[in-house]
Amino acid sequence: MENFRGKWNLSMSGFSKSDGFRDEEQGFEELGLIGFCCEFAVAPRRRRGIGDEVHELQEIELKDERSPILHNKSLFFVLIKWGTFNGHIIPGTLFLAVGIWHIWTATVRYVSNPKSFKVKAWNPIPGINGKLRNLELYVITIGCLLDICFELSYAPNLINFEHSGMLIMFFIFGFTALLSQETRFLPLPVEALCLISAIAFSAESFLFYFHSTSHKGLEGYYHLLLVILIGLCIISTVAGAIVPTSFGLDLSSGISITLHGVWFYQTAFTLYGPMMPEGCSLKDDSIVCKSLNNQVRGEMLANFQLSILMMMGLIQIN
């Protein structure tokens, strides 16, 4: 392997093609850096050299043409792009963290003083002289704002506008709560913040139910189950605004948000990870099953997964 037709160099702004590897070891070391996002195959290729001698060449072909790396785009966008493994893991982690924190704080507040318990749309973080008090709101607000900027600046299209429409509602919730907490310009009761949060979840539910990519088959079924979990978030949040002294409703809200995050994880590992049902595969940005039986089997597996998660939520309530 003395010659290579080309190589792909890893940089913070993407990949660029250059003339050739300096040596074989360096080439494979650089390829190792990008193995996490592209699948490479080495295929033998023959050409005529001087004296009609046949030399074996190794051509490196990128199989996953869906990756934005091929278009010299930002590596950071690859990590947050929706419709990928990381695109589900990152938002799932945020929902999971907020949900678990909500469950913990609601339980502590109720155990500390059941008679004065009140539902909260968000929960302050104690310690360090109150410097971390509004950390949850800052994470929601700044995280949504950054994601909106990348959605609209990377490749503006209808799908990205849809994602931005959902994100801007969570941004409005976080920003409004910060204004209510940090200033005197917009004093809002907890019930109003709960309703704003419910509107944000409704926008997310609307997005996943009427998505322009028209998810079908197994992928569409996982999104439909996600809509059901988002519906639980909406119901529990609105109910908490109506009955602001109910510990059960506040706890249910935290559990619903946690299940919401866990289902993002489940979707990532099933549709874009190692738990893909037998007979189904990821092809051209969509999940394709070889037969209807394989798709039905995958949907039954999704029902089982959701049932286990719901059972764990009910056990936690009891």
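The structure under discussion appears in the preceding block.
My aim in this report is to walk through the structure given alongside it, one point at a time. Please read all numbers here as calculations on a predicted model, not as lab measurements.

## A closer look at the overall build of the protein
Point 1. Within the protein one finds nine helices and six strands.
Point 2. If you take every contact in the protein between residues at least 6 apart in sequence, the share linking residues at least 24 apart comes to 60%.
Point 3. Accessible surface for the protein amounts to roughly 17900 Å². Of this, 63% is attributable to carbon and sulfur atoms.

## Some thoughts on the pattern of salt bridges
Point 1. In this structure the tally under the stated criterion is one salt bridge.
Point 2. In this structure, arginine 109 engages aspartate 250 in a salt bridge whose closest nitrogen and oxygen atoms are separated by 3.0 Å. Taken together, the positions of arginine 109 in helix α3 (residues 85-112) and aspartate 250 in helix α8 (residues 247-271) put the pair 141 residues apart, joining distant regions of the chain.
Point 3. Residue aspartate 250 is classed as buried on the basis of its relative accessible area of 1%.

## Concerning the packing of helix α6 (residues 190-209) against helix α7 (residues 217-242)
Point 1. One way to put it is that α6 packs onto α7 with a least axis distance of 9 Å and a crossing angle of 165°. As judged from the angle between their axes, α6 and α7 are roughly antiparallel. The chirality of how α6 crosses α7 is left-handed. Residues Glu191, Cys194, Leu195, Ser197, Ala198, Phe201, Ser202, Glu204, Ser205, Phe208 and Tyr209 of α6 pack against His223, Leu224, Leu226, Val227, Ile230, Cys233, Ile234, Thr237, Val238 and Ala241 of α7.

## Quick word on the packing of aromatic side chains
Point 1. A complete count under the given rule lists ten aromatic pairs for this structure.
Point 2. When the centroid spacing of 5.4 Å and the interplanar angle of 85° are considered together, the rings of phenylalanine 170 and phenylalanine 201 count as edge-to-face. Here phenylalanine 201 lies in helix α6 and phenylalanine 170 lies in helix α5 (residues 158-182), a separation of 31 residues in the sequence.
Point 3. The class of phenylalanine 170 is buried, set by a relative accessible area of 11%.
Point 4. A centroid spacing of 6.2 Å and a plane angle of 65° characterise the contact between phenylalanine 208 and phenylalanine 264, whose relative ring orientation is edge-to-face. Residue phenylalanine 208 is found in helix α6, and its partner phenylalanine 264 is found in helix α8; the two are separated by 56 residues along the sequence.

## Looking at the environment of histidine 102
Point 1. For histidine 102, the position within the fold is in helix α3.
Point 2. In this structure histidine 102 comes out as buried when scored by relative accessible area, which is 3%.
Point 3. Not counting chain neighbours up to four residues away, the residues in contact with histidine 102 comprise Lys120, Asn123, Asp250, Ser253 and Gly254.

## As for the pairing of strand β5 (residues 280-283)
Point 1. Two elements, β5 and strand β6 (residues 286-289), share four bridges in a ladder whose sense is antiparallel. Looking at the pairing, serine 281 lines up with valine 288 of β6.
Point 2. Here β5 hands over to β6 after two residues, with aspartate 284 in that stretch at a positive phi of 55°.

## As for the state of the cysteines
Point 1. Counted according to the given criterion, the structure contains one disulfide.
Point 2. Residue pairing for cysteine 280: its cysteine sulfur links by disulfide to cysteine 289, the two sulfurs lying 2.1 Å apart. In this structure, the disulfide formed by cysteine 280 and cysteine 289 twists by about 100° around the S-S bond and is classed as right-handed. Comparing cysteine 280 with cysteine 289 shows no difference in burial state: the two are buried.

What counts and what doesn't
- Residues numbered from 1 in each chain as written.
- Predicted model: local features only at pLDDT ≥ 70, side-chain atom pairs only at ≥ 80, totals over all residues.
- Heavy atoms only, no water.
- Helix = DSSP H or I, 4+ residues; strand = E, 2+ residues; numbered from the N terminus.
- Contact = heavy atoms within 4.5 Å.
- Areas by Shrake-Rupley, 256 points an atom, 1.4 Å probe, with all protein chains shown as cover.
- Salt bridge = Lys/Arg side-chain N within 4 Å of Asp/Glu carboxyl O.
- Buried < 20%, exposed > 50% of the residue type's maximum accessible area, 1.4 Å probe, protein only.
- Axes fitted to C-alpha atoms, helices over the stretch in contact; angles between N-to-C directions.
- Parallel < 35°, antiparallel > 145°, perpendicular 65-115°, else oblique.
- Left-handed = near helix turned anticlockwise from the far one by under 90°.
- Phe/Tyr/Trp six-rings, centres within 6.5 Å; stacked < 30°, edge-to-face > 60°.
- Pairing = 2+ DSSP bridges.
- Disulfide = S-S within 2.5 Å.

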